[in-house]
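# Commentary on secondary and tertiary structure
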Amino acid sequence: MNKEEILQASRKENQNKDIYELEVISRAQRVGGLIGVGITFALMVIERVILERDTNYGYFLIILSAGAGLWIYKAAKMKKKHELFLGILWIVFAIFAAVQVILNFIR
């Protein structure tokens with residue numbers, strides 16, 4: 001394989017996006033996710049501590065669902081058992097939070 005063939009294969013694999021652009025997109029997604037988790041956590045603390053309300057498991061459900069999706073996606077793409085284990089663990093916690101949310105709706 002010569003230099004041009006390697007370059008052509010790389011372009012095809014990366015869908016004509018350069019590696020820098022892919023890295024920027026990846027970091028932007030991580031920053032966006034962290035901001036979302038931070039805002040959700042801040043709302044949870046404000047509601048629990050300042051407003052002195054019961055724990056709103058909806059906030060936990062948001063965070064846990066995002067984490068479960070992340071770990072399951074990584075496990076599917078990278079075929080690593082420990083990531084599958086973490087994904088399943090996050091799903092179990094998300095189900096617990098969902099049950100709590102539903103129970104709070106019923107009350």
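One can find the structure itself at the top, above this paragraph.
Notes on the structure in this doc start here. Predicted model, so just to flag it, every value in this text is computed and none were measured.

Of note, glutamate 52 is a non-glycine position whose phi angle comes to about 55°, a positive value. Positionally, glutamate 52 belongs in the loop between helix H2 (19-50) and helix H3 (57-78). Overall, the relative accessible area of 68% leaves glutamate 52 in the exposed class. Although it is not a glycine, lysine 79 sits at a positive phi angle of roughly 55°. Among the structural elements, lysine 79 can be located in the loop between H3 and helix H4 (81-106). Exposure remark for lysine 79: the relative accessible area of 69% places this residue in the exposed category.

What follows covers the environment of threonine 55. Within the secondary structure layout, threonine 55 lies in the loop between H2 and H3. Look at threonine 55 and you get partly exposed, because its relative accessible area is 27%. It is 15 Å that separates the C-alpha atoms of threonine 55 and phenylalanine 93, two residues lying 38 residues apart in sequence. What threonine 55 contacts, discounting residues up to four positions off in sequence, is Arg48, Phe60 and Asn104.

This part takes up H4. Here H4 spans 37 Å end to end across 26 residues, near enough to the 38 Å set by a 1.5 Å rise per residue. Of the surrounding elements, those touching the buried residues of H4 are H3.

In total, this model carries 2 aromatic pairs according to the counting rule given. The interplanar angle of 90° and the centroid separation of 6.0 Å between the aromatic rings of tyrosine 57 and phenylalanine 96 together place this pair among those described as edge-to-face. Taken together, the positions of tyrosine 57 in helix H3 and phenylalanine 96 in helix H4 put the pair 39 residues apart, joining distant regions of the chain. Here the aromatic cluster, defined as three or more aromatic residues joined through ring pairs, consists of Tyr57, Phe60 and Phe96.

How each quantity is defined
- Residues numbered from 1 in each chain as written.
- Predicted model: local features only at pLDDT ≥ 70, side-chain atom pairs only at ≥ 80, totals over all residues.
- Heavy atoms only, no water.
- Helix = DSSP H or I, 4+ residues; strand = E, 2+ residues; numbered from the N terminus.
- Buried < 20%, exposed > 50% of the residue type's maximum accessible area, 1.4 Å probe, protein only.
- Contact = heavy atoms within 4.5 Å.
- Expected span 1.5 Å × (residues − 1).
- Phe/Tyr/Trp six-rings, centres within 6.5 Å; stacked < 30°, edge-to-face > 60°.

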